[in-house]
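Overview (structure and organization)
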Amino acid sequence: MSSAPRTATERTKLPYCHESFHNLQELRHSASLANKVFIQRDYTDGTVCKFQTKFPSELDSRIERTLFEDTVKMLNNYYAEAEKIGGQSYIEGCLACLTVYLVFLCIETRYDKVLKKISRYIQEQNEKVYAPRGLLITDPIERGMRVIEISVYEDRGSSGSSSGSSTTSSSGR
Amino acid sequence: MSAVMITRKVTRKWEKLPGKNTFCCDGRVMMGRQKGVFYLTLFLIVGTCSLFFAFECPYLAVHLSPAIPVFAVLLFVFVMAMLLRTSFSDPGVLPRALPEEANFIEMEIEAANGNVMAGQRPPPRIKNVQINNQIVKLKYCYTCKIFRPPRASHCSICDNCVDRFDHHCPWVGNCVGKRNYRYFYLFTLSLSLLTIYIFAFNIVHVVLRSVDSGFVNTIKETPGTVLEVLVCFFTLWSVVGLTGFHTYLISLNQTTNEDIKGSWSGKNRVQNPYSHKSIIKNCCEVLCSPTYPSVLDRRGVMLEDLSSPTPSDASAASTHQSSNPVSQTTKSSAPLIPNEHTPDEAKPGIGSGTQKSTSSPKEEKPPSPTSPNAVAPAVIKESSH
């Protein structure tokens, strides 16, 4: 592979940028894991699940700041929706208590429904935005809701030195 | 030996979880390590209720009302359901950091520490965060290799960090944390009601029957009554007291752990930043908040490396091992500083090539604020955004 595009803007001009799922597979087979960046939790509003929107410097050359911030803000919104204490959570709680929590064998909790939405959103973001830039987001639930893990991949063979075949992708699916 | 049958047994993630929990039913049930007192609790509740149904209920159903045993049955079912739910569910265990995350945190700590002179203790690992305009200190857990989220604490019996840790209850055989606190509270509340109910109707039964046949004959006919009254009498004080205590904690949105440590009491201490300053709102948050999911994924299937000849050390994708070769690919050079909390199997592998002096194993104790020559505690200040 002769000069693979390295900067974020170059990658957006790639012809295969819109082929989403195919690109994720390519990422795992042809790129090697270079680094991992961890976005920590933001506790300023208490113990609700919220992540810091501060842009990490390691991603400076890989992705635009606005795209990253939009992703994190969207995730924060989803988590806020899941943890909202309001009418629906009261009804769910009372119904569950009256049925001795057997009702959860039949219906899904609201939090689980939102977690599925989050999982779909992260997959979509990975396919459309992050994989074309050589990045991969891991769902925070796989890391105990402590961090958003972003794996940074480098194209194999483009660095020049014998990087070997150290392709171990221990992040996500 | 022509054909070798390889039976592929699916390995689920609970089998490889660190910590000292007990798992049953292929990972569906999760309990603490010591279960003896839990069996005693079960025995006392089931035993006393059986005696009640056997001795008192027939008489009371006939002479007073059939609703009495019916209500007792409902209450008993509720108590057992809450007990089993508290004991068998994940209290909110925080999984340990994978090596990359642990290294990332180590590098952050070292960046904040700056240069530590040889011979000096490294400063304690504390992060200050601002929650609702109060400064809260987050401590580093050497076992789990994470900065504990606010209100989380490490349970030494289960060897896990638990979110919103309340206490480890031997009676239910499990930790009480974010995910099962409301079941624990409902268990104590319903058990108080059940105990008062059985105690009251025992007295009523003895009185009614004594009117007919005399006190001594009553005891002879229903010997179980004496046992029930004894158990209920002693249980009453402790369980009702516990329920009252937890009601008080819920109204203030505090945990037992915080109450014992006096985190929010005292003049110079921070006020509780999690309290909504309204009893109703606090109760709603603790009892009516959405059911949090377990982040442990106990029943997930572990991916095994099919091409490796040694299946025992296969690099499963999501497993946490202390000597994970993946960490070599990441840019991390900070060795982990061993101390008395570091698990023994990790100690030989780390600390080699470290330039800091690993003088005393007791370096995690924070230096007293008045000692002038100690390095000031490294405080990683969290910028808000």
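This one's a predicted model, so the numbers in the text were calculated from it and none came from an experiment.

**Side note on the overall build of chain B**
On a plain count of helices and strands, chain B comes out with eight helices and eleven strands. Burial status across chain B gives 46% buried among its 385 residues. Of all intrachain contacts in chain B linking residues separated by at least 6 positions in sequence, the fraction that spans at least 24 positions is 66%. Only carbon and sulfur atoms are counted for the fraction: they give 63% of the accessible area of chain B, which is about 19,800 Å².

**Section: the pairing of strand β3 (residues 148-155) of chain A**
All names here are of chain A. Burial analysis of β3 places seven of its eight residues in the buried class, which makes it a mostly covered element. Note that strand β1 (residues 31-39) and β3 share eight bridges and pair antiparallel. What sits directly across from I39, in β3, is I148. Sheet topology places strand β2 (residues 135-138) next to β3; four bridges connect them, and they run antiparallel. Residue pairing across strands places L135 opposite V152, the latter belonging to β3.

**Re the UniProt feature "transmembrane region" (unreviewed entry) in chain B**
Residues and elements named next belong to chain B. Listed under "transmembrane region" (unreviewed entry) in the UniProt record, and renumbered for this structure, are residues 37-55, 67-84, 183-204 and 224-245. As a span, residues 37-55 carries 100% helix and 0% strand, and end to end its C-alpha atoms are 27 Å apart. For the annotated span residues 67-84, helix accounts for 100% and strand for 0% of the residues, and the straight-line distance between the end C-alpha atoms is 26 Å.

**Section: the interface of chain A and chain B**
Across the contact, 42 residues belong to chain A and 44 residues belong to chain B. Together chain A and chain B conceal approximately 3,700 Å² of surface at their shared face, both sides included; 63% is due to carbon and sulfur atoms. Its largest share of buried area at the contact with chain B, chain A owes to A:Y43, A:Y101 and A:R146, together 19% of the area lost on that side. Joining chain A to chain B, the criterion identifies two salt bridges. With a shortest N-O distance of 2.9 Å, A:R146 and B:E101 are connected by a salt bridge. The element best represented in the side of chain A that touches chain B is β1(A), accounting for five residues. Here the side of chain A that touches chain B is built from residues that sort into 16 nonpolar, 13 polar and 13 charged.

**Examining empty space enclosed by the protein**
Empty space left among the atoms is revealed by rolling a probe the size of a water molecule over them. All chains considered together, the criterion is met by six cavities of 30 Å³ or more. Size it by volume and the largest cavity reaches roughly 210 Å³. In terms of residue class, the lining of the largest cavity is built from ten nonpolar, four polar and seven charged.

**Here's the deal with the sheet that holds β3(A)**
Residues and elements named next belong to chain A. Judged by pairing direction, the sheet is antiparallel, and its three strands sit side by side in the order β1-β3-β2 without closing on themselves. Unpaired on one side and paired on the other, β1 and β2 mark the two borders of the sheet. Adjacent strand axes in the sheet meet at a mean angle of 25°, parallel and antiparallel pairs treated alike.

**Considering the domain arrangement of chain B**
Residues and elements named next belong to chain B. What the domain assignment lists for chain B is domain 1 (13-95 + 166-288) and domain 2 (99-162). Taking only C-alpha atoms into account, the centre of domain 1 sits 35 Å from that of domain 2. With both chains or domains summed, domain 1 and domain 2 bury close to 1,700 Å², and 57% of this area falls on carbon and sulfur atoms. It is L94, P273 and Y274 in domain 1 that bury the most area against domain 2; as a group they hold 32% of the surface buried on that side. Seen at the junction of domain 1 and domain 2, the total is one salt bridge. A salt bridge links E258 to R151, with the nearest nitrogen and oxygen atoms 3.0 Å apart. Linking domain 1 to domain 2 there are eight residue pairs in polar contact (both at pLDDT 80 or more). Elements that contribute at least two residues to the side of domain 1 that touches domain 2 include exactly β3 (93-94) and α7 (256-261). Ranked by residues supplied to the side of domain 1 that touches domain 2, first place goes to α7 with three residues.

Parameters and conventions
- Residues numbered from 1 in each chain as written.
- Chains lettered and ligands numbered in written order.
- Predicted model: local features only at pLDDT ≥ 70, side-chain atom pairs only at ≥ 80, totals over all residues.
- Heavy atoms only, no water.
- Helix = DSSP H or I, 4+ residues; strand = E, 2+ residues; numbered from the N terminus.
- Buried < 20%, exposed > 50% of the residue type's maximum accessible area, 1.4 Å probe, protein only.
- Contact = heavy atoms within 4.5 Å.
- Areas by Shrake-Rupley, 256 points an atom, 1.4 Å probe, with all protein chains shown as cover.
- Pairing = 2+ DSSP bridges.
- UniProt positions renumbered as here; feature names shortened; annotations may be inferred.
- Buried area = accessible area lost by both parts, 1.4 Å probe.
- Salt bridge = Lys/Arg side-chain N within 4 Å of Asp/Glu carboxyl O.
- Nonpolar A, V, L, I, M, F, W, Y, C, P; charged D, E, K, R; others polar.
- 1 Å grid on protein atoms, 1.4 Å probe; cavity = no way out; pocket = protein on both sides within 12 Å on 5 of 7 lines; lining within 4 Å.
- Points joined across faces, edges and corners; volume = space filled by probe spheres on them.
- Axes fitted to C-alpha atoms, helices over the stretch in contact; angles between N-to-C directions.
- Domains from an automatic or database assignment.
- Polar contact = N/O pair within 3.5 Å; in protein donor to acceptor, adjacent residues only side chain to side chain.

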